[in-house]
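Architecture and fold: a report
What follows is each chain in one-letter form.
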Amino acid sequence: MKYGKIIIIMVISLFLMACGDELEKNEKIESNEAIQTYSRMVMVKGKRYVNTGKERDGEPHCGTPDGKIVKSVNATSTPTEDDESNFGTGYEYQIYKEDSIVVNIDDKWIVFKLEK
């Protein structure tokens with residue numbers, strides 16, 4: 001009888017350890033999915049621009065925006081129409097250089113480069 005209880009306890013312990021390993025694997029998968037990030041993109045005048053993560057020094061070249069983002073797709077999608085982004089609406093932008101624009105996000109002018 002004593003050995004029966006010990007065997008049952010060992011079996012339950014092994015079962016719980018196996019379940020714990022499976023839960024840990026699932027938690028790692030979920031955390032890796034959460035870590036995966038998507039680039040912010042915007043479509044302007046038929047061209048798609050991608051966030052560089054850099055802020056432009058100083059103010060844009062003039063005080064008048066060249067346009068405003070008025071449409072949005074979800075963060076995992078790619079914009080396909082002019083003045084559309086995958087990070088929201090209401091952001092003003094200016095043409096910065098031949099291959100880049102700046103977008104006003106939280107009062108910072110963020111540089112977006114032409115997608116290649």
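Residues numbered from 1 in each chain as written. Predicted model: local features only at pLDDT ≥ 70, side-chain atom pairs only at ≥ 80, totals over all residues. Heavy atoms only, no water.

**Regarding the sheet that holds strand S7 (residues 100-105)**
Quick reminder of the rule: When DSSP locates at least two bridges between a pair of strands, those strands are taken to pair. Starting at the N terminus, helices and strands are each numbered in turn, a helix being any DSSP run of H or I of at least four residues and a strand any DSSP run of E of at least two.
Within the open sheet, the eight strands sit side by side as S3-S6-S7-S8-S2-S1-S5-S4. Their pairing is mixed. Where the open sheet ends on each side, the last strands, each with one partner, are strand S3 (67-68) and strand S4 (71-72). Pairing analysis gives four bridges linking strand S6 (residues 92-97) to S7, with the strands arranged antiparallel. Residue pairing in the sheet places Lys97 in a bridge with Ser100 of S7.

**What to know about the pattern of salt bridges**
What counts, and what does not: Only one rule defines a salt bridge in this text: a Lys or Arg side-chain nitrogen within 4 Å of an Asp or Glu carboxyl oxygen. A 1.4 Å probe rolled over the protein chains alone gives each residue an accessible area, and that area as a share of the maximum for its type sets the label: buried under 20%, exposed over 50%, partly exposed in between.
This structure, assessed with the given rule, holds three salt bridges. Close ionic contact of Glu115 with Arg48 constitutes a salt bridge, the shortest N to O distance being 2.8 Å. Residue Glu115 is located in the segment after strand S8 (108-114), and its partner Arg48 is located in strand S2 (residues 47-55); the two are separated by 67 residues in the primary sequence. A residue is classified by how much of its surface remains accessible, and Glu115, at 34% relative accessible area, is partly exposed. The exposure class of Arg48 is partly exposed, given its relative accessible area of 22%. Between Glu81 and Lys71 there is a salt bridge; the shortest N-O distance is 2.8 Å. Taken as a pair, Glu81 in the loop between S4 and strand S5 (84-85) and Lys71 in strand S4 lie far apart in primary sequence, ten residues in all. Relative accessible area serves as the criterion here: at 40%, Glu81 is assigned to the partly exposed category.

**Considerations on the packing of aromatic side chains**
For any two aromatic rings, the description comes down to two numbers: the centre-to-centre distance and the angle of the planes. For clarity, the cut-off: Any pair of Phe, Tyr and Trp rings, taking the six-membered ring for Trp, is counted once the centres come within 6.5 Å. Such a pair is stacked with planes under 30 degrees apart, edge-to-face with planes over 60 apart, and tilted for the rest.
Applying the stated criterion to the full structure yields two aromatic pairs. With centroids separated by 5.3 Å and ring planes inclined at 45°, the aromatic side chains of Phe87 and Tyr91 adopt a geometry described as tilted. Three or more aromatic residues link up through ring pairs in this structure, and these residues are Phe87, Tyr91 and Phe112.

**Structural notes on the nonpolar core**
The condition is simple: Only buried residues count toward a nonpolar core, which is a set of Ala, Val, Leu, Ile, Met, Phe, Trp, Tyr and Cys residues joined through side-chain atoms within 4.5 Å. By definition in these notes, contact holds between two residues if any of their heavy atoms fall within 4.5 Å.
Counting eleven residues, the largest nonpolar core consists of Val42, Val44, Tyr49, Ile69, Phe87, Tyr93, Ile101, Val103, Ile105, Ile110 and Phe112. Sort the elements by how many residues they give to this core and S7 lands first, with three residues. Other than its neighbours up to four places away in sequence, Val44 contacts Tyr49, Asp82, Tyr93, Ile95 and Ile101.

**Some details on unusual backbone geometry**
With a phi angle near 50°, Lys45 is a residue other than glycine that sits in the positive phi range. Examined against the element boundaries, Lys45 turns out to sit in the loop between strand S1 (41-44) and S2. With phi around 60°, Asp107 is a residue other than glycine that occupies positive phi space. If you trace the backbone, Asp107 turns up in the loop between S7 and S8. Using a relative accessible area of 72% as the deciding quantity, one classes Asp107 as exposed.

**Focus on the pairing of S2**
Consecutive residues of a regular strand have side chains that alternate between opposite faces of the sheet. Two elements, S1 and S2, share four bridges in a ladder whose sense is antiparallel. Bridge pairing links Met41 to Val50 in S2. The turn linking S1 back onto S2 is made up of two residues, and Lys45 within it adopts a positive phi angle of 50°. Sheet topology note: the S2/S8 ladder contains four bridges and is antiparallel. Counted as the bridge partner of Tyr49 is Leu114 from S8.

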